[in-house]
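Architecture and fold: a report
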Amino acid sequence: MSLRIVVTVKYVPDATGDRHFADDLTVDRDDVDGLLSELDEYAVEQALQIAENADDAEVTVLTVGPEDAKDALRKALSMGADKAIHVEDDDVHGTDAIGTSLVLAKAVEKAGYDLVISGMASTDGTMGVVPALLAERLGVPQVTLLSEVSVEDGVVTGRRDGDTASEQLQASLPAVVSVTDQSGEARYPSFKGIMAAKKKPVESWDLSDLDIEADEVGLAGAYTVVESAAERPARTAGTIVKDEGEGGKQLAEFLAGQKFI
């Protein structure tokens, strides 16, 4: 029986771009370019490695987002994933992490899975809670923040590295895992992979396909709300000290004033 791997990926604003909030205090995605979250590339890479070491495996990439989120799916397909699912619905706009986990759980169940792999966090929200929320909704074990992962005989095994020690963890499939940026460098899509990705299937679902009501997600169903936001103040010029014999003293006084020493 084929090992069914689902990789959850996110289309995020380019961190190097000039990002702003829209009028409803969500991120203005029309004002900045987007891309596949870098941390999710590690999840795609680990899924592909597991599939390559399995007798029979299929890798599906899943995203929730606007029309442009297909770009994230295409990147993952060009890396080597077999097919993709795009959940797109206007009512998803403004969904928080809890609502996102609901949409993902329904989509994963509809797709069918043995193993779900996620990045450790998205590069825009950086909360890192969705894999655990997803596992709870699916009612399966979670093995998170892994720097090494493998699957054999229906068991997923991984290593979680902490500040002072490493843990070896195991869980029976089905399960949800998340991987860190220490799990292995993600491959670059080859030209052959980019061309092949154009022919790979991409299914499009909306909330009705997942039996989710609009008021369960979006801004209306969010448990968290941004009440205000302000532009970051412009950088001010730094203090310049001309060393005329008292430079060291002035530096020490400045550091003491800032409570650095």
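Residues numbered from 1 in each chain as written. Predicted model: local features only at pLDDT ≥ 70, side-chain atom pairs only at ≥ 80, totals over all residues. Heavy atoms only, no water.

A short note on the overall build of the protein chain
The helix and strand tally for the protein chain stands at 7 helices and 12 strands. Projected onto the principal axes, the alpha-carbon positions of the protein chain cover approximately 80 × 45 × 40 Å. Looking at the 261 residues of the protein chain, the share that counts as buried comes to 38%. The contacts in the protein chain between residues at least 6 apart in sequence include a share of 69% that link residues at least 24 apart. Each charge class in the protein chain was averaged separately, 23 positive and 50 negative side chains, and the resulting centres sit 4 Å apart. (Helix = DSSP H or I, 4+ residues; strand = E, 2+ residues; numbered from the N terminus. Buried < 20%, exposed > 50% of the residue type's maximum accessible area, 1.4 Å probe, protein only. Contact = heavy atoms within 4.5 Å. Lys, Arg positive; Asp, Glu negative; His and termini not counted. Charge placed at Lys NZ, Arg CZ, Asp CG, Glu CD.)

Structural notes on the confidence of the model for the protein chain
Averaged over every residue, the pLDDT of the protein chain is 91; the share at 70 or more is 99%. Averaged pLDDT values for the elements of the protein chain fall to 85 in helix α7 (residues 247-257) and rise to 98 in strand β5 (residues 83-87). (pLDDT = per-residue confidence, 0-100.)

With respect to the sheet that holds strand β7 (residues 142-146)
Overall, parallel pairing links the 7 strands, which are arranged β7-β11-β6-β1-β4-β5-β12 in an open sheet. Each edge of the open sheet is held by one strand with a lone partner, namely β7 and β12 (202-205). Across the sheet, the mean angle from the axis of one strand to that of its neighbour is 20°, orientation sign disregarded. For β5 and β12, the ladder comprises 4 bridges, and the chain directions are parallel. Its bridge partner lying in β12, Ile85 is registered against Glu203. The sheet strands contacting helix α1 (residues 38-52) are β1 (3-8), β4 (57-64), β6 (115-119) and β11 (175-179), and the helix crosses β6 at an angle near 150°. (Pairing = 2+ DSSP bridges. Axes fitted to C-alpha atoms, helices over the stretch in contact; angles between N-to-C directions.)

Here's the deal with the packing of aromatic side chains
For the structure on display, the rule yields 0 aromatic pairs. Lying over the aromatic face of Trp205, Lys110 brings its terminal NZ or CZ to 5.1 Å of the ring centre. (Phe/Tyr/Trp six-rings, centres within 6.5 Å; stacked < 30°, edge-to-face > 60°. Lys NZ or Arg CZ within 6 Å of the ring centre and 35° of its normal.)

Brief notes about helix α4 (residues 130-138)
The set of residues buried in α4 consists of Pro131, Leu134, Ala135 and Leu138. All buried residues of α4 lie within an arc of 100° about the axis, which places them on one face of the element. Those residues of α4 that are buried lie in contact with β1, α3 (97-111), β6, β7 and β11. Just downstream of α4 lies Gly139, where phi reads positive at about 70°. (Arc of directions from axis to C-beta.)

Some thoughts on the packing of α1 against helix α2 (residues 70-79)
As a packed pair, α1 and α2 sit with axes 10 Å apart at the nearest point and diverge in direction by 35°. Considering how the two elements wind past one another, α1 and α2 form a crossing that is right-handed. Every residue of α2 that contacts α1 at Glu41, Val44, Glu45 and Leu48 is listed here: Lys75, Ala76 and Met79. When grouped by side-chain class, the residues that make up the contact of α1 with α2 number 4 nonpolar, no polar and 3 charged. (Left-handed = near helix turned anticlockwise from the far one by under 90°. Nonpolar A, V, L, I, M, F, W, Y, C, P; charged D, E, K, R; others polar.)

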